[in-house]
Amino acid sequence: MSKNANKISCEEVVLKMNPRLLILVFFIITSQTISAQQDHQTDDPLIDAMGQPLPSNSPIQSQDFTSVDPRTFKDDTLGDERFIDENKPLVFNISGKAKVVDGDTITINNTKIRFSGIDAPESYYYGQTQYCKKPNGKIWACGKKATSKLKKLINRQVVKCTDEGKDRYGRTLSICFVNGLDLQSEMVRSGMAIAYLKYSRRYEQEMIEAMTNKVGIWSGNFLDPEDWRRANSVRD
């Protein structure tokens, strides 16, 4: 066989191999490109392998997220929402016969007073009463019991209260006494109210005592009044 014949035969072989060679080269280049992109990819879970942002289910990332204005929830029995100066001397400039509204609210001479530093179960919140559970599983109206407890403590006596200012609902925030007895302290000690620790530590020890003795609402299970109100809020 001549050299030309051998040359033609080799060219034919190369031509026959070219398609396979091209596929192999294409595969190698593609693999290297993908590998380089993966190495370059950040740890951001919102970026895909091609560097494009991924759709997010997070309400913070979503354009459809609408913030909820807390003022759309009615709640006229919220806490005092301010820190109490526990070292300030008490000055009683409100006094008179009191009408009990619930376990932490009274009225004196048409002045609506919200006890500072405590929070009691609700007795009548938009027509609803707060219930608690005893160790045996029995449900009891702890909101109404708290109201009854405060009535017994006052017992138609003259109540003297401080004036700590007004809350956003126009109520006067007060620390109230009857015949030398701190009403807030007794409500917490009896387990018919909790110390509102996020605003004041004044009645923390009384709450520890109630918890230790498992009296009142501490005898079983209950929701903090604030959490219960939030769960039962009425929306506009």
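Refer to the preceding data block for the structure.
Criteria and cut-off values
Residues numbered from 1 in each chain as written. Predicted model: local features only at pLDDT ≥ 70, side-chain atom pairs only at ≥ 80, totals over all residues. Heavy atoms only, no water. Helix = DSSP H or I, 4+ residues; strand = E, 2+ residues; numbered from the N terminus. Buried < 20%, exposed > 50% of the residue type's maximum accessible area, 1.4 Å probe, protein only. Contact = heavy atoms within 4.5 Å. Areas by Shrake-Rupley, 256 points an atom, 1.4 Å probe, with all protein chains shown as cover. Disulfide = S-S within 2.5 Å. Salt bridge = Lys/Arg side-chain N within 4 Å of Asp/Glu carboxyl O.

### Remarks on the overall build of the protein chain
Then, in step 1: Secondary structure assignment for the protein chain yields five helices and 13 strands.
Then, in step 2: Per-residue burial over the protein chain gives 33% buried out of 236 residues.
Then, in step 3: For the protein chain, contacts bridging at least 24 residues in sequence account for 63% of all contacts bridging at least 6.
Then, in step 4: In the form shown here, the protein chain has an accessible surface area of approximately 15400 Å², with 54% of it arising from carbon and sulfur atoms.

### Examining the state of the cysteines
Working definition: the covalent bond between the sulfur atoms of two cysteines is a disulfide.
Then, in step 1: As enumerated under the stated definition, the model contains two disulfides in all.
Then, in step 2: Disulfide pairing places Cys132 opposite Cys142 at an S-S distance of 2.1 Å. As the torsion about the S-S bond is roughly 70°, the Cys132-Cys142 disulfide counts as right-handed. Taken as a pair, Cys132 in strand 6 (residues 132–133) and Cys142 in helix 2 (residues 142–154) lie far apart in primary sequence, ten residues in all.
Then, in step 3: Note on cysteine connectivity: Cys161 is disulfide-linked to Cys176, with sulfurs 2.1 Å apart. Taking the sign of the S-S torsion, about 115° here, the bridge from Cys161 to Cys176 comes out right-handed. Of the two residues, Cys161 sits in strand 8 (residues 158–162) while Cys176 sits in strand 10 (residues 176–178), which places them 15 residues apart along the sequence.
Then, in step 4: Its relative accessible area of 0% is what places Cys161 among the buried residues.

### Side note on unusual backbone geometry
Then, in step 1: Even without being glycine, Asn109 reaches a positive phi, approximately 50°.
Then, in step 2: Structurally, the position occupied by Asn109 is in the loop between strand 3 (105–108) and strand 4 (111–115).
Then, in step 3: Even without being glycine, Arg156 reaches a positive phi, approximately 65°.
Then, in step 4: Relative to the helices and strands, Arg156 resides in the loop between helix 2 and strand 8.
Then, in step 5: The exposure class of Arg156 is exposed, given its relative accessible area of 77%.

### Let's talk about the pattern of salt bridges
Then, in step 1: This structure, assessed with the given rule, holds eleven salt bridges.
Then, in step 2: The closest approach of N and O atoms between Lys198 and Glu226, which form a salt bridge, is 2.8 Å. Here Lys198 is found in the loop between strand 12 (194–195) and helix 4 (204–213), whereas its partner Glu226 is found in helix 5 (residues 225–231), with 28 residues between them in sequence.
Then, in step 3: Judged by relative accessible area, which is 42%, Lys198 ranks as partly exposed.
Then, in step 4: Residue Glu226 is classed as buried on the basis of its relative accessible area, which comes to 16%.
Then, in step 5: Beyond isolated ion pairs, a larger network of salt bridges with shared partners links Asp104, Arg114, Asp119, Glu122 and Arg229.

### Comments concerning the environment of Ile118
Then, in step 1: Position of Ile118 among the secondary structure elements: in strand 5 (residues 118–119).
Then, in step 2: Exposure remark for Ile118: the relative accessible area of 0% places this residue in the buried category.
Then, in step 3: In this structure the C-alpha to C-alpha distance between Ile118 and Ala193, which are 75 residues apart in sequence, comes to 6.4 Å.

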